[in-house]
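# Descriptive analysis of the structure
For reference, the chains in residue letters:
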Amino acid sequence: MTSKQKRVIAILALANTIVILTLGVFMTRSSDAIPLPFSGSRVPVPSPGACQWEATRLLAQAGLGGTVMLTPGGQLRIEIVYSLAPNQRADEAAQLVWIAFDIALALQKDECGSFTQVEVVILAQGSQTDTLIKASVSTADLVAFGAGELSEGEFIERVAYTIDYR
């Protein structure tokens, strides 16, 4: 490795460290508590931003990239972009819906459960075509499935799926 390459790596490592420290400072200084109007105490309430951050962290932990949105209408929308391997079929990417549902269920348990509907959108990008996979289910059905009150078959019947080949 040349000295120029070593300097570039050192500069990139320093830049990464600065970005990570800045994010750490930003996250520790944000307040997730809402003051009560008639008392001096504060009750911790997860903010929508904190819930989105947690969902994004869980996506990354599962090895996936995507975005998470909590809409004012009560919908949790998880969008995932997935690159298919050369011999991989798009229906294999549909299995990512289950990972997204697991993340939504974890958010529900972590008191980020202000959403009533979960929508998962997966863009499976292949070498020749792209496939858009959508799955939507009510949070009540997801929670019932997670609690064992619905069988896998009953839960699948309640999920609305669409697949669009592009």
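Residues numbered from 1 in each chain as written. Predicted model: local features only at pLDDT ≥ 70, side-chain atom pairs only at ≥ 80, totals over all residues. Heavy atoms only, no water.

## Details of the confidence of the model for the protein
- For the protein, mean pLDDT is 79; residues scoring 70 or higher make up 75% of the total.
- Predicted confidence is poor over residues 30-46, with pLDDT under 50, and the contacts of this stretch with residues over four places away or in other chains come to 21 contacts. (pLDDT = per-residue confidence, 0-100. Contact = heavy atoms within 4.5 Å.)

## Considering the side chain of Thr139
- Inspection of the secondary structure puts Thr139 in helix H5 (residues 139-146).
- For Thr139, a relative accessible area of 6% corresponds to the buried category.
- One polar contact links the side chain of Thr139 to the main-chain carbonyl oxygen of Phe115, over a distance of 3.2 Å.
- For Thr139, the side chain forms a polar contact with the main-chain nitrogen of Gln117, separated by 3.2 Å.
- Apart from residues no more than four positions distant in its own chain, Thr139 is found in contact with Gln108, Phe115, Thr116, Gln117 and Val118. (Helix = DSSP H or I, 4+ residues; strand = E, 2+ residues; numbered from the N terminus. Buried < 20%, exposed > 50% of the residue type's maximum accessible area, 1.4 Å probe, protein only. Polar contact = N/O pair within 3.5 Å; in protein donor to acceptor, adjacent residues only side chain to side chain.)

## What about the packing of helix H4 (residues 96-109) against H5?
- The contact between H4 and H5 brings their axes to 10 Å, and the two run at 90 degrees. Here H4 is positioned roughly perpendicular relative to H5, judged by the angle of their axes. On H5, the residues touching Trp98, Phe101, Ala104, Leu105 and Gln108 of H4 are Thr139, Leu142, Val143, Phe145 and Gly146.
- For the contact of H4 with H5, a count of residues per class yields seven nonpolar, three polar and no charged. (Axes fitted to C-alpha atoms, helices over the stretch in contact; angles between N-to-C directions. Parallel < 35°, antiparallel > 145°, perpendicular 65-115°, else oblique. Nonpolar A, V, L, I, M, F, W, Y, C, P; charged D, E, K, R; others polar.)

## So, the sheet that holds strand S4 (residues 75-83)
- Reading across from one edge, S3-S4-S5-S6-S7 is the order of the five strands in this open sheet, with mixed pairing throughout. Both edges of this open sheet fall to strand S3 (66-70) and strand S7 (160-165), since each of them pairs with a single strand only. With direction set aside, neighbouring strand axes in the sheet form an average angle of 10 degrees.
- Sheet analysis places S4 next to strand S5 (residues 117-125), joined by nine bridges and oriented parallel. Pairing of Arg77 across the sheet is with Glu119, part of S5.
- Lying on the sheet, H4 is in contact with S4, S5, strand S6 (130-138) and S7; it crosses S5 at an angle near 145 degrees.
- Contacts from H5 reach S5 and S6, with the element oriented near 80 degrees to S6. (Pairing = 2+ DSSP bridges.)

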